[in-house]
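Geometric and topological summary
The residues making up each chain are set out below.
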Amino acid sequence: MPGDHRRIRGPEESQPPQLYAADEDELPAARDPTRLRPVYARAGLLSQAKGSAYLEAGGTKVLCAVSGPRQAEGGERGGGPAGAGGEAPAALRGRLLCDFRRAPFSGRRRRAPQGGGEERELGLALQEALEPAVRLGRYPRAQLEVSALLLEDGGSALAAALTAAALALADAGVEMYDLVVGCGLSLAPGPSPTWLLDPTRLEEEHSAAGLTVALMPVLNQVAGLLGSGEGGQTESWTDAVRLGLEGCQRLYPVLQQCLVRAARRRGAAAPS
Amino acid sequence: MAAGFKTVEPLEYYRRFLKENCRPDGRELGEFRTTTVNIGSISTADGSALVKQGNTTVICGIKAEFAAPPLDAPDRGYVVPNVDLPPLCSSRFRTGPPGEEAQVTSQFIADVLENSQIIKKEDLCISPGKLAWVLYCDLICLDYDGNILDACTFALLAALKNVQLPEVTINEETALAEVNLKKKSYLNVRANPVATSFAVFDDTLLIVDPTGEEEHLSTGTLTIVMDEEGKLCCLHKPGGSGLTGAKLQDCMSRAVSRHKEVSRLLDEVIQSVTHK
């Protein structure tokens, strides 16, 4: 990149070979709109992070690590009435800093390692969805850093990152009200548009609208919602949200088992 | 008791082990951590490899794109390495542009690529002066527990051996490239550079494959990159305590034996993947 002298220089610009390929575009195959891809989740795999989780759903591979609590940067923010349950007053509550990044080799085209506006938006979406679940009042003047790395984008990347981030926070022993489970949806265009649960990358590329919902399964409360596109009527969006929430509930038992296994492993490894 | 001593006097704690010719994790001074490699797991990349050396984990993904060859070398392509040390691998790294350590590691990898001639840049040229391949080699450290240079070099080598490039022909009439994504061929990897890192303790003792703590306590580090038949590709000694010639020779012989171990492991893995 011009002017970026911290990295090894390559050519000024480059094009992916797919632009010159003779193949026609593949269309996504028809499938049951409520199918969820099988998920592999594992927590507690990085040695240097306080908590970590790896989630694989179809072709999407996400790794998330949590570090902290660390002293928050940025000056004192005065007191106020104390929160319920011995928590710090609202102005002194802890902060959650979320960082979402895509590996350069995760998509069809190579992305520059710098990232851009989209990654910042997704980082903010992660933060907004995780904040309701974490008891930040128990970490006054501290910050928790959550970093999600997308190794391969096979569709519903944000949803997978949300789930992995919640698992990593739980693995780190951060106090939480509930886990956060994410689910992606996309609207397949056509004469009768249908919402597809857990889309693959191909389905997302051919979609007219996309939606990610984040649910706290036990409390049954929506933690986050991010959607965009031409979805049609409002009823269409409400149907989509309902479908997404069902998907999150179905995913929850797998994550519970993953955390139990991780706790067992940790218990077995630690010398008593 | 031991944990308390370790926190207060880490160097003394280590010296006690080194006196008995072993290390706290049970290894001998010349022993490597268990190394595992997994290739071809990222399907969006043209070639990928994940290397785990003890706890240190590095993933390498290679993407190939088209570009115009450089003006001063119209018959060559590009190989652009980039090492990323994100905050998730260790708490010492922050988000933002690459720090010093990432830049040093990127430059080291670039030097290894250049000196070992692992890929001849002429092989990457499709049409001199007009079109050539660019191989973007992105290495991301997932877990930083010392000895990142060895893991990165191994991941890069494994990923390069896994890269498959589609066939490209230049259409004479339109002068445009035509890519056949169905027909893919492997890269011609001409060398097998393998890196071996050492840490120097108290200016005299050399230990192989240091962990994160050992690197922190060491007084110097040394990395030797060996190729087939004991050919030396690269020697990286960024300051630190001096070494006698005899010690250097010992290191080189250890590097030669490590090269054999790593080559055998890589061959086994590649065989098992291609046989599927």
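If you're wondering where the values come from, they're calculated on a predicted model, not measured in any experiment.

Cut-off values and rules
Residues numbered from 1 in each chain as written. Chains lettered and ligands numbered in written order. Predicted model: local features only at pLDDT ≥ 70, side-chain atom pairs only at ≥ 80, totals over all residues. Heavy atoms only, no water. Core = buried A, V, L, I, M, F, W, Y, C linked by side-chain atoms within 4.5 Å. Buried < 20%, exposed > 50% of the residue type's maximum accessible area, 1.4 Å probe, protein only. Helix = DSSP H or I, 4+ residues; strand = E, 2+ residues; numbered from the N terminus. Contact = heavy atoms within 4.5 Å. 1 Å grid on protein atoms, 1.4 Å probe; cavity = no way out; pocket = protein on both sides within 12 Å on 5 of 7 lines; lining within 4 Å. Points joined across faces, edges and corners; volume = space filled by probe spheres on them. pLDDT = per-residue confidence, 0-100. UniProt positions renumbered as here; feature names shortened; annotations may be inferred. Pairing = 2+ DSSP bridges. Axes fitted to C-alpha atoms, helices over the stretch in contact; angles between N-to-C directions. Left-handed = near helix turned anticlockwise from the far one by under 90°. Nonpolar A, V, L, I, M, F, W, Y, C, P; charged D, E, K, R; others polar. Disulfide = S-S within 2.5 Å. Buried area = accessible area lost by both parts, 1.4 Å probe. Salt bridge = Lys/Arg side-chain N within 4 Å of Asp/Glu carboxyl O. Polar contact = N/O pair within 3.5 Å; in protein donor to acceptor, adjacent residues only side chain to side chain. Phe/Tyr/Trp six-rings, centres within 6.5 Å; stacked < 30°, edge-to-face > 60°.

Some remarks on the nonpolar core
Among the nonpolar cores identified, the biggest contains 62 residues, and Leu126(A) and Leu169(A) are the most heavily contacted of them. When residues in this core are grouped by element, the largest group, eleven residues, is from helix α2 (residues 157-171) of chain A. Non-local contacts of Leu126(A), meaning those with residues more than four positions away in its chain, are made with Cys98(A), Phe100(A), Ala148(A), Leu158(A), Ala161(A), Leu162(A) and Ala165(A). The next biggest cluster of nonpolar side chains, apart from the first, holds 56 residues, and it includes Leu139(B), Cys141(B), Phe154(B) and Val168(B).

Section: the layout of surface pockets
What the largest pocket holds in volume is close to 950 Å³. Taken together, 36 residues make up the lining of the largest pocket; nearest its centre are Gln18(A), Arg108(A), Ser43(B), Leu181(B) and Lys184(B). The set of elements that each furnish at least two residues to the lining of the largest pocket consists of α3 (201-205) of chain A together with β2 (47-53), β3 (56-67), β7 (164-170), β8 (177-186) and α6 (245-274) of chain B. Roughly 700 Å³ of volume is contained in the second largest pocket. Together, 29 residues line the second largest pocket, and Arg102(A), Glu118(A), Asp153(A), Ala157(A) and Glu204(A) are the ones closest to its centre. Mapped onto the lining of the second largest pocket, the elements with two or more residues apiece are α1 (117-130), α2, β6 (181-188), α3, β8 (209-216) and β9 (221-229) of chain A.

A look at the confidence of the model for chain B
Looking at chain B as a whole, the pLDDT averages 90, with 100% of positions reaching at least 70. As scored by the predictor, the complex reaches a pTM of 0.91 and an ipTM of 0.89.

As for the UniProt feature "domain: Exoribonuclease phosphorolytic" (unreviewed entry) in chain B
Residue and element names in this part refer to chain B. With numbering aligned to this structure, UniProt lists the feature "domain: Exoribonuclease phosphorolytic" (unreviewed entry) at residues 31-166 and 193-257. For the annotated span residues 31-166, helix accounts for 24% and strand for 37% of the residues, and the straight-line distance between the end C-alpha atoms is 41 Å. Overall, residues 193-257 shows 29% helix and 37% strand. The separation of its end C-alpha atoms is 13 Å.

Notes on the sheet that holds β9(A)
Residue and element names in this part refer to chain A. Read across the sheet, four strands follow the order β7-β6-β8-β9 without closing on themselves; strand pairing throughout is antiparallel. Of all strands in the sheet, those bounded by a partner on one side alone are β7 (194-197) and β9. Averaged over all pairs of adjacent strands, the angle between their axes in this sheet comes to 20 degrees, without regard to strand direction. Docked against the sheet, α2 engages β6, β8 and β9, running at close to 170 degrees with respect to β6.

Remarks on the environment of Ile42(B)
Inspection of the secondary structure puts Ile42(B) in the loop between β1 (35-39) and β2. Each residue touching Ile42(B), except ones within four places of it in the same chain, is listed here: Lys61(A), Phe105(A), Leu151(A), Glu152(A), Ser48(B) and Ile59(B).

Looking at the packing of α2(A) against helix α4 (residues 234-269) of chain A
All names here are of chain A. Interaxial distance between α2 and α4 falls to 11 Å at its minimum, and their mutual angle equals 35 degrees. In the crossing of α2 with α4, the sense of the turn from one axis to the other is right-handed. Note on element contacts: α4 touches α2 through Leu255, Cys258, Leu259, Ala262 and Arg266, opposite Thr163, Leu167, Ala170 and Asp171. Its residues assigned to classes, the contact of α2 with α4 comprises six nonpolar, one polar and two charged.

Observations concerning the state of the cysteines
Across all of its chains, the model carries zero disulfides over all chains by this definition. Counting only cysteine sulfurs, Cys64(A) is the nearest neighbor of Cys258(A), a cysteine outside any disulfide, at a range of 12 Å. Assessed through its relative accessible area of 2%, Cys258(A) is described here as buried. Left without a disulfide partner, Cys137(B) is nearest to the cysteine sulfur of Cys60(B), which lies 5.7 Å away. Classification of Cys137(B) as buried rests on a relative accessible area of 0%.

Focus on the interface of chain A and chain B
It is common to give the size of an interface as the accessible area that goes away when the parts come together. Between chain A and chain B, the residue contacts involve 43 residues of the former and 48 residues of the latter. For the chain A face of the interface with chain B, the top three residues by lost area are Ile8(A), Phe105(A) and Arg110(A), together amounting to 19%. Linking chain A with chain B are three salt bridges. The closest approach of N and O atoms between Arg110(A) and Asp138(B), which form a salt bridge, is 2.8 Å. In this structure, the connection of chain A to chain B is made through 16 residue pairs in polar contact (both at pLDDT 80 or more). Counting only elements with at least two residues in the side of chain A that touches chain B, the list comes to β3 (60-71), β4 (95-102) and β5 (142-152) of chain A. With five residues, β5(A) is the single largest residue contributor to the side of chain A that touches chain B.

Looking at the packing of aromatic side chains
The description of two aromatic rings rests on the distance between their centres and on the angle between their planes. Residue and element names in this part refer to chain B. Under the criterion given, the structure shown has nine aromatic pairs over all chains. A ring pair is formed by Tyr13 and Tyr14, whose centres lie 6.3 Å apart and whose planes are at 75 degrees; its orientation type is edge-to-face. Residue classification places Tyr13 among the buried residues on the basis of a relative accessible area of 15%. On the accessibility criterion, Tyr14 (4% relative accessible area) is buried. Their ring planes at 65 degrees and their centres at 5.3 Å tell us that Tyr13 and Phe17 sit as a pair that is edge-to-face. Residue Tyr13 and its partner Phe17 are both found in helix α2 (residues 10-19); the two are separated by four residues, about one turn of the helix. What makes Phe17 partly exposed here is its relative accessible area of 24%.

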